[in-house]
Amino acid sequence: LPGCLPSAMQSSSKALAALPQREWISSRLEQLQGAGSLPVPGDVVIEHAFYLSPDGTRLPMEIAHRRDMPRDGNGPTLLTVYRPTRKPQGPLLEPFVLVWLQMGGVYAVANLRGGGEYGTAWHEAGMKARKQNVFDDFAAAADYLSKSRWTRPGRLALLGRSNGGLLIGAVEEQHPDIAAAAIPEVGV
């Protein structure tokens, strides 16, 4: 239904269809999806980092990249939040992430207040009247990636699914220059 898509989406679809690596990406995704549980390849590193939210709260983040990735501020980077449930720990077990890393990208997962990972107080620190903490935490993660020279705003994309998609929308509204792209995946 190409006529039903907004023109920006049609342009994006055409750009994706024209990618010279499209066939390789597609075949590699099929290969990885059929592999079952995916081990971390030897040329991939997962770093565990901590960054500070504006209120001084120390927050964890995982950063995955190829071992030979230079930290020069030019890395194309996907910053996301909230791991999928029912999957083993680690950001590399999704096929699209492995392909992204093989293509030279950086993949970062920010852990924000409001989740259930660190107990009730952590969860409540991102709820209701304290929801702004979640937006601030995510914006601080993006800032950390730039200051640590993994990327810069012009090479950063924000990715969020479901409630994470709503988060991406709020952060983009509050910080329009934080990233070059925002991908909020929210159900219809």
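J.: Could you clarify how one ought to interpret the pattern of salt bridges in this entry?
T.: Opposite charge on two side chains makes pairing possible when the charged atoms of those side chains draw close. Under the criterion given, the structure shown has six salt bridges. For the salt bridge of E47 with R71, the shortest nitrogen-to-oxygen distance reads 3.9 Å. Of this pair, E47 sits in strand 1 (residues 44-52) while R71 is found in the loop between strand 2 (58-66) and strand 3 (77-81), placing the two residues 24 residues apart along the sequence. For E47, a relative accessible area of 27% gives the class partly exposed. A residue is classified by how much of its surface remains accessible, and R71, at 41% relative accessible area, is partly exposed. Salt bridges linked by common partners bring D55, R113 and D137 together as one network.

J.: How should unusual backbone geometry be read in this particular structure?
T.: Leaving glycine out, the prevailing phi sign among residues is negative, and the prevailing peptide bond configuration is trans. Here K128, not a glycine, exhibits a phi torsion of approximately 45 degrees, which is positive. When you line up the elements, K128 lands in the loop between helix 4 (120-124) and helix 5 (132-147). Under the relative-accessibility criterion, K128 is labelled exposed at 74%. A positive phi angle is found at S162, which is not glycine, with a value near 60 degrees. Along the polypeptide, S162 turns up in the loop between strand 5 (156-161) and helix 6 (163-174). For S162, a relative accessible area of 51% puts it in the exposed group.

J.: Just to check I follow, could you spell out the side chain of T77 for this structure?
T.: Structurally, T77 is set in strand 3. Given the relative accessible area of 2%, T77 is considered buried. For T77, the residues in contact, after removing those within four places along its chain, are W100, V106, L145, W150, T151, R155, L156 and A157.

J.: How should the sheet that holds strand 6 (residues 181-185) be read in this particular structure?
T.: One key point about sheets: their strands pair by backbone hydrogen bonds, in either a parallel or an antiparallel sense. Reading across from one edge, 1-2-4-3-5-6 is the order of the six strands in this open sheet, with mixed pairing throughout. Edge positions in the open sheet fall to strand 1 and strand 6, since each of these has one partner strand only. Neighbour-to-neighbour, the strand axes of this sheet turn through a mean angle of 20 degrees, independent of strand direction. Relative to strand 5, strand 3 runs parallel, the two being bridged by four bridges. Pairing of T80 across the sheet is with L159, part of strand 5. Along the sheet, helix 6 contacts strand 3, strand 5 and strand 6; its crossing angle with strand 5, the most-contacted strand, is approximately 140 degrees.

Calculation notes
- Residues numbered from 1 in each chain as written.
- Predicted model: local features only at pLDDT ≥ 70, side-chain atom pairs only at ≥ 80, totals over all residues.
- Heavy atoms only, no water.
- Salt bridge = Lys/Arg side-chain N within 4 Å of Asp/Glu carboxyl O.
- Helix = DSSP H or I, 4+ residues; strand = E, 2+ residues; numbered from the N terminus.
- Buried < 20%, exposed > 50% of the residue type's maximum accessible area, 1.4 Å probe, protein only.
- Contact = heavy atoms within 4.5 Å.
- Pairing = 2+ DSSP bridges.
- Axes fitted to C-alpha atoms, helices over the stretch in contact; angles between N-to-C directions.

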